Amino acid sequence: MRRRRLALIALAALVALVACAGSKKDVEVKGGDPELARLAGTWRGDYQGVESGREGPIEFALELGRHTATGQVLMGGGTPLQIEFVAVEHGKLAGTIAPYTDPSCACEVETRFLGTLAADAIDGTFETKVSATGQVQTGTWRVERQR
């Protein structure tokens, strides 16, 4: 009986984990229609932190005709970070990640990113700022349009 209860608890935890990992909040995307058309599609890539040494995947999708997208960044061990806002103008992107608790300092951080759109790739940089101290960490990122 105890084994069965543990198996049911494990199954429930797995279902909850998959459900959370699969849910992506819509991201506000600001920009003119021609800019949004250039950004439309599914983008995948990764990021690398200079000071932190962290790396992980990025996924972002924008449908033509919409001003919202879905997107997230996975930190280190798979912790999903939510892309919160994106603006695009003249091929330049700027955006933010929703504030989150950084596991290395157990403190809240804020991340801003910049990127340049060129054909089917976006290359960029990011800065993560520790809210309490103002310390800044940097990194790079790159995504490519998926065909």
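Being a predicted model, the structure only gives us computed values, none of them experimental.

1. What to know about the state of the cysteines
Here is step 1: Considering all chains together, one arrives at one disulfide under this definition.
Here is step 2: Here Cys105 engages in a disulfide with Cys107; their sulfurs sit 1.8 Å apart. When the S-S torsion is -75°, as for the bridge of Cys105 with Cys107, the disulfide is left-handed.
Here is step 3: Taking relative accessible area as the criterion, Cys105 reaches 36% and is therefore assigned partly exposed.
Here is step 4: On the basis of relative accessible area, Cys107 is assigned to the buried category, the value being 16%.

2. Some thoughts on the confidence of the model for the chain
The predicted coordinates ought not to be read in detail in places where the model reports low pLDDT.
Here is step 1: When pLDDT is averaged along the chain, the result is 79; 82% of the residues meet or exceed 70.
Here is step 2: Contacts of residues 1–23 to residues separated by more than four positions or lying in other chains number two contacts, the stretch itself having pLDDT below 50.

3. Observations regarding the pairing of strand β7 (residues 107–118)
Here is step 1: Covered by surrounding structure in β7 are Cys107, Val109, Thr111, Phe113, Gly115 and Leu117 only, the residues Glu108, Glu110, Arg112, Leu114, Thr116 and Ala118 on the alternate face being uncovered.
Here is step 2: The pairing of strand β6 (residues 92–102) with β7 spans nine bridges and is antiparallel. Considered in β7, the bridge of Gly95 is made with Phe113.
Here is step 3: From the end of β6 to the start of β7, which pair antiparallel, there are four residues, and Ala106 there has a positive phi angle of about 50°.

4. Observations regarding the packing of aromatic side chains
Aromatic ring pairs are described here by two measures, namely the spacing of the ring centres and the angle between the planes.
Here is step 1: All told, the structure shown has two aromatic pairs when counted by the stated rule.
Here is step 2: With a centroid separation of 6.0 Å and 80° between ring planes, the pair formed by Tyr47 and Phe126 is classed as edge-to-face. With Tyr47 in strand β2 (residues 41–49) and Phe126 in strand β8 (residues 121–130), this pair connects stretches of sequence that are 79 residues apart.
Here is step 3: Ring geometry for Phe113 against Trp141: centres 5.8 Å apart, planes inclined by 85°, an arrangement best described as edge-to-face. Taken together, the residues Phe113 in strand β7 and Trp141 in strand β9 (residues 136–145) connect sequence positions 28 residues apart.
Here is step 4: Relative accessible area serves as the criterion here: at 11%, Phe113 is assigned to the buried category.

5. Quick look at the pattern of salt bridges
Here is step 1: Evaluation of the coordinates by the stated rule reveals seven salt bridges.
Here is step 2: Close ionic contact of Glu59 with Arg44 constitutes a salt bridge, the shortest N to O distance being 3.7 Å. In this pair, Glu59 sits in strand β3 (residues 55–62) while Arg44 sits in strand β2, placing the two residues 15 residues apart along the sequence.
Here is step 3: On the basis of relative accessible area, Glu59 is assigned to the partly exposed category, the value being 29%.
Here is step 4: For Arg147, the salt bridge is made with Asp120, and the minimal N-O distance between the two is 2.0 Å. Taken as a pair, Arg147 in the segment after β9 and Asp120 in the loop between β7 and β8 lie far apart in primary sequence, 27 residues in all.

What counts, and where the lines are drawn
- Numbering of residues starts from 1 in each chain and follows the order in which that chain's sequence is written.
- Local features in this predicted model are restricted to residues of pLDDT 70 or higher, and side-chain atom pairs are both shown and tallied only at a pLDDT of 80 or more, whereas totals for entire chains, interfaces and linings draw on every residue.
- Side-chain metrics in this entry use all non-hydrogen atoms of the structure; hydrogen atoms and water are not considered.
- The disulfide criterion is simple: two cysteine sulfur atoms within 2.5 Å.
- The rule is simple: take the accessible area with a 1.4 Å probe, protein chains only, and divide by the maximum for that residue type; under 20% is buried, over 50% is exposed, in between is partly exposed.
- Residue-level confidence of the predictor, termed pLDDT, takes values from 0 up to 100.
- Whether two residues are in contact is decided by their heavy atoms, any of which lying within 4.5 Å being enough.
- Counting from the N terminus, the helices are the DSSP runs of H or I reaching at least four residues and the strands are the DSSP runs of E reaching at least two.
- At least two DSSP bridges between two strands are required for those strands to pair.
- Ring geometry is summarised as follows: Phe, Tyr and Trp rings, the Trp one being its six-membered ring, pair when their centres sit within 6.5 Å, and such pairs are stacked at plane angles under 30 degrees, edge-to-face over 60 and tilted between the two.
- Definition used for salt bridges: Asp or Glu carboxyl oxygen within 4 Å of a side-chain nitrogen of Lys or Arg.

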